[in-house]
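Summary of structural features
One letter stands for each residue in the lines below.
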Amino acid sequence: MEIEFEKNYLRELYEAGKTSNKKYRFQPSVTKQFKNTIDKLRNANRIEDLFPFKSLNYEKLVGDKAGLESVRVNQQYRIEFYSKITGEEPDIITICSIVELSNHYK
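Calculation rules
- Residues numbered from 1 in each chain as written.
- Predicted model: local features only at pLDDT ≥ 70, side-chain atom pairs only at ≥ 80, totals over all residues.
- Heavy atoms only, no water.
- Pairing = 2+ DSSP bridges.
- Helix = DSSP H or I, 4+ residues; strand = E, 2+ residues; numbered from the N terminus.
- Contact = heavy atoms within 4.5 Å.
- Buried < 20%, exposed > 50% of the residue type's maximum accessible area, 1.4 Å probe, protein only.
- Phe/Tyr/Trp six-rings, centres within 6.5 Å; stacked < 30°, edge-to-face > 60°.
- Polar contact = N/O pair within 3.5 Å; in protein donor to acceptor, adjacent residues only side chain to side chain.

In the sheet, strand β3 (residues 69-72) pairs with strand β4 (residues 77-86) via 4 bridges, with the strands oriented antiparallel. From the neighbouring strand, Ser 70 faces β4, where its bridge partner is Glu 80. The antiparallel pairing of β3 with β4 creates a hairpin that spans 4 residues between the two strands. Inspection of the sheet shows β4 paired to strand β5 (residues 93-103) by 10 bridges, in the antiparallel sense. Note that in β5 the partner of Glu 80 across the bridge is Glu 100.

Right, dumping it as structure tokens:
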């Protein structure tokens, strides 16, 4: 999948392992797991390729977050994203637009 980041701090976390914005500071273990999860998304060709990874706990969100999808980073954090499919057979591309790294229980 192609990965897009909607917020700068998400791109910084993935590329540099840290962010300049103090509001978005995470433990090094969370940052490492975030990068690993983004890599799994990047290596998948389509959303269905994520289903075998039970640890990701892929789900479509409902309620006030309807339209978003999520995968788990760890027990506490999840990555929220939109996905869209572009192109024609056989050149179909899934674009995953990362919206947020959120605390699942807040």
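Back to the write-up after that little detour.
On to the side chain of Thr 37. Following the sequence through the fold, Thr 37 ends up in helix α2 (residues 28-43). If near-sequence neighbours (up to four positions away) are discounted, Thr 37 is found in contact with Leu 56, Val 71, Arg 72, Val 73 and Ile 79.

A few words on the environment of Phe 51. Mapped onto the secondary structure, Phe 51 falls in the loop between α2 and β2 (59-60). On the basis of relative accessibility, which here comes to 44%, the residue Phe 51 falls in the partly exposed class. Taking the C-alpha atoms as reference, Phe 51 lies 15 Å from Ile 79; in sequence the two are 28 residues apart.

Time to look at the packing of aromatic side chains. Summed over all chains, the structure comprises 5 aromatic pairs. The interplanar angle of 45° and the centroid separation of 5.5 Å between the aromatic rings of Phe 51 and Tyr 58 together place this pair among those described as tilted. Relative accessible area serves as the criterion here: at 18%, Tyr 58 is assigned to the buried category. What links up through ring pairs into an aromatic cluster is the set Phe 51, Tyr 58 and Phe 81.

Residue position: Ser 102 is located in strand β5. Judged by its relative accessible area of 10%, Ser 102 is buried. Reaching out from Ser 102, the side chain makes a polar contact with the side chain of Glu 80 at a distance of 3.0 Å. Apart from residues no more than four positions distant in its own chain, Ser 102 is found in contact with Gln 76, Tyr 77, Arg 78 and Glu 80.

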